[in-house]
Amino acid sequence: MDKILGNKKNIALFVLPGLLIYFVFLLIPIIYNLGISFYQTDLMSPAKFIGFKNYINLFNDVTFRQALGNNILMVIGSLIAHVPLALFFANIIFNKIKGSHFFQTVFFLPSVICGVAVGLMWTFIYNPEFGLVNKILEMLGLGGLKQQWLSNPKTTLICIIVVVMWQFVGYHMIIQLAAMKNIPSSLYEAAEIDGASKWVQFKDITFPLIKHILKIDVVLIITGSLKYYDLIAVMTGGGPDHASELLSTYMYYQGFRNLKYGYSASIGTILLILCVLAVVLSNTVFKSEKIEY
C-alpha cells in the first residue's frame, strides 16, 4: 500500500474522480451562473448582454432588499437558537446523565426527516383553527393570544425560525458532543481533583478545546440559513406580502415563475458571495491555535 501511495500517478488517479465531480457539479455551474447573470434571458430566446444591470436592478428591488433582510434575520435567529442550545444540551449529555443515548437519538431524529414533511407537519401545528399551538394556548386560558401564526407578517418569520431550531438543534448538538468526547478525560479528572465545578470545567476546558469545531458548526449554521428553501416553500411560499421571503425563494420565483434567468442568476451570485463572507467572518471570529493535548 505504501508503495502504491508513494507513486504520484496513483495518487492522481485516486483523486481524479473526486475532482471531476467537483468540476462538473460545483465549479462549472457556479461559473455558468456567474456568466448568465450578465445577460437578460429566458433561456428560450437569444440572450441579451446587459452587463451589471441585473445587479443594479437588484438593489433597487424592494422585494430583494426585504428578502436579504429576512435572510440576515434568519441567520441571526438560527445562530441564537442553535449555538447556545446545542452547547447546553451537548454539555448535559457529555456529563453522562441517565438515558443519554436515548436523548441523543431523540434530539437528532428531526434532522433526518425530509424538510417538506417537517414543513407540512408544522403547518398543521400552526393552523389557526385546529393547530396544536392555539389549542395549548386555549387550554392554558390564554385564548387572547391565539392568532394566524403563518399569516401574520409579524410572526411568520419567528415561527419558521422555531421550526428550524426544532429540526436542527440536535444535529448541531451531535457535532459539538463529538468534539467534547475527543477531549482527554485526564483533563477533567485533574480539574475535579483541584475542586473545579462543572461550570468551571466547561468554561476553562470544554469551550476552549472545541472552538475549532464551533467554527465549522457556525459556518454550517450560517450557510444553511442562507440557503433554506423547502420549509419556506411549503409553509408560507414567501408570504404573506413577502414577510418570509428569502433569497432562495425569491431566486426560484424570478427564475421559474417570471422566467428571468439572468436576474435569478444574479441573486444566486449574491447568495454565493454571502456564503463566502460567512466563512471568512467565522474564521476571523473563531481564531484558534493548534491544539496539543
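Residues numbered from 1 in each chain as written. Predicted model: local features only at pLDDT ≥ 70, side-chain atom pairs only at ≥ 80, totals over all residues. Heavy atoms only, no water.

What follows covers empty space enclosed by the protein. Unfilled space is identified by rolling a water-sized probe across the atoms. Across all of its chains, the model carries one cavity of 30 Å³ or more by this definition. By volume, the largest cavity is sized at about 40 Å³. Taken together, Asn91, Phe94, Asn95, Tyr188, Lys198, Gln201, Phe202 and Thr206 make up the lining of the largest cavity. Only helix H4 (62-94) and helix H10 (198-209) provide two or more residues apiece to the lining of the largest cavity. Here the lining of the largest cavity takes four residues from H10, the largest share from any one element. (1 Å grid on protein atoms, 1.4 Å probe; cavity = no way out; pocket = protein on both sides within 12 Å on 5 of 7 lines; lining within 4 Å. Points joined across faces, edges and corners; volume = space filled by probe spheres on them. Helix = DSSP H or I, 4+ residues; strand = E, 2+ residues; numbered from the N terminus.)

Moving on, we get to the packing of aromatic side chains. Going through the model one piece at a time under the given rule, you end up with 20 aromatic pairs. Aromatic side chains Tyr39 and Phe49 sit 5.3 Å apart centroid to centroid with 75° between the ring planes, which places their arrangement in the edge-to-face category. With Tyr39 in strand S1 (residues 39-40) and Phe49 in strand S2 (residues 48-49), this residue pair connects regions lying ten residues apart in the sequence. Accessibility expressed as a relative area gives 32% for Tyr39, which makes it partly exposed. A relative accessible area of 54% places Phe49 in the exposed class. (Phe/Tyr/Trp six-rings, centres within 6.5 Å; stacked < 30°, edge-to-face > 60°. Buried < 20%, exposed > 50% of the residue type's maximum accessible area, 1.4 Å probe, protein only.)

This part covers the packing of helix H13 (residues 247-257) against helix H14 (residues 261-285). Relative to each other, H13 and H14 sit at 160°, their axes nearing to 7 Å. Judged by the inter-axis angle, H13 sits roughly antiparallel to H14. In the crossing of H13 with H14, the sense of the turn from one axis to the other is left-handed. Taking contact as the criterion, the partners of Leu247, Tyr250, Met251, Gln254, Gly255 and Phe256 in H13 are, on H14, Tyr261, Tyr263, Ser264, Ile267, Gly268, Leu271 and Leu274. Tallied by class, residues from the contact of H13 with H14 come to nine nonpolar, four polar and no charged. (Axes fitted to C-alpha atoms, helices over the stretch in contact; angles between N-to-C directions. Parallel < 35°, antiparallel > 145°, perpendicular 65-115°, else oblique. Left-handed = near helix turned anticlockwise from the far one by under 90°. Contact = heavy atoms within 4.5 Å. Nonpolar A, V, L, I, M, F, W, Y, C, P; charged D, E, K, R; others polar.)

On to the layout of surface pockets, then. In this model, the largest pocket occupies a volume close to 330 Å³. Considering the residues around the largest pocket, the lining is formed by 16 residues, among which Phe94, Asn95, Lys96, Ser185 and Tyr188 are closest to the centre. Of all elements in the fold, only H4, helix H5 (100-108), helix H9 (185-193) and H10 reach the threshold of two or more residues within the lining of the largest pocket. It is H9 that provides the largest number of residues to the lining of the largest pocket, a total of four residues. Tallied by class, residues from the lining of the largest pocket come to five nonpolar, six polar and five charged.

Right, let's get into the UniProt feature "domain: ABC transmembrane type-1" (unreviewed entry) in the protein chain. Mapped onto the present numbering, the UniProt feature "domain: ABC transmembrane type-1" (unreviewed entry) falls at residues 68-282. Helix and strand shares over residues 68-282 are 73% and 0% respectively, and the end C-alpha atoms of the span are 19 Å apart. (UniProt positions renumbered as here; feature names shortened; annotations may be inferred.)

Relative to the helices and strands, Ile80 resides in helix H4. For the pair formed by Ile80 and Ala265, sequence separation is 185 residues and the distance between their alpha carbons is 30 Å.

With that out of the way, let us pick up the pattern of salt bridges. Per the stated rule, a full pass over the model turns up three salt bridges. As a salt-bridge pair, Glu138 and Lys146 come within 3.0 Å of each other at their nearest N and O atoms. Taking relative accessible area as the criterion, Lys146 reaches 35% and is therefore assigned partly exposed. Residue Lys203 pairs with Asp204 through a salt bridge whose shortest N-O separation is 3.2 Å. (Salt bridge = Lys/Arg side-chain N within 4 Å of Asp/Glu carboxyl O.)

Turning next to unusual backbone geometry. As a rule of thumb, non-glycine residues mostly have phi less than zero, and peptide bonds are mostly trans rather than cis. For the bond from Gly239 to Pro240, the omega torsion is -10°, close enough to zero to count as cis. Within the secondary structure layout, Pro240 lies in the loop between helix H12 (230-235) and H13. Phi is positive for Asp241, close to 55°, though the residue is something other than glycine. Looking at the secondary structure, you find Asp241 in the loop between H12 and H13. Given a relative accessible area of 66%, Asp241 falls into the exposed group. Positive phi values are uncommon outside glycine, yet Leu259 reaches one of about 60°. Tracing the chain through its elements places Leu259 in the loop between H13 and H14.

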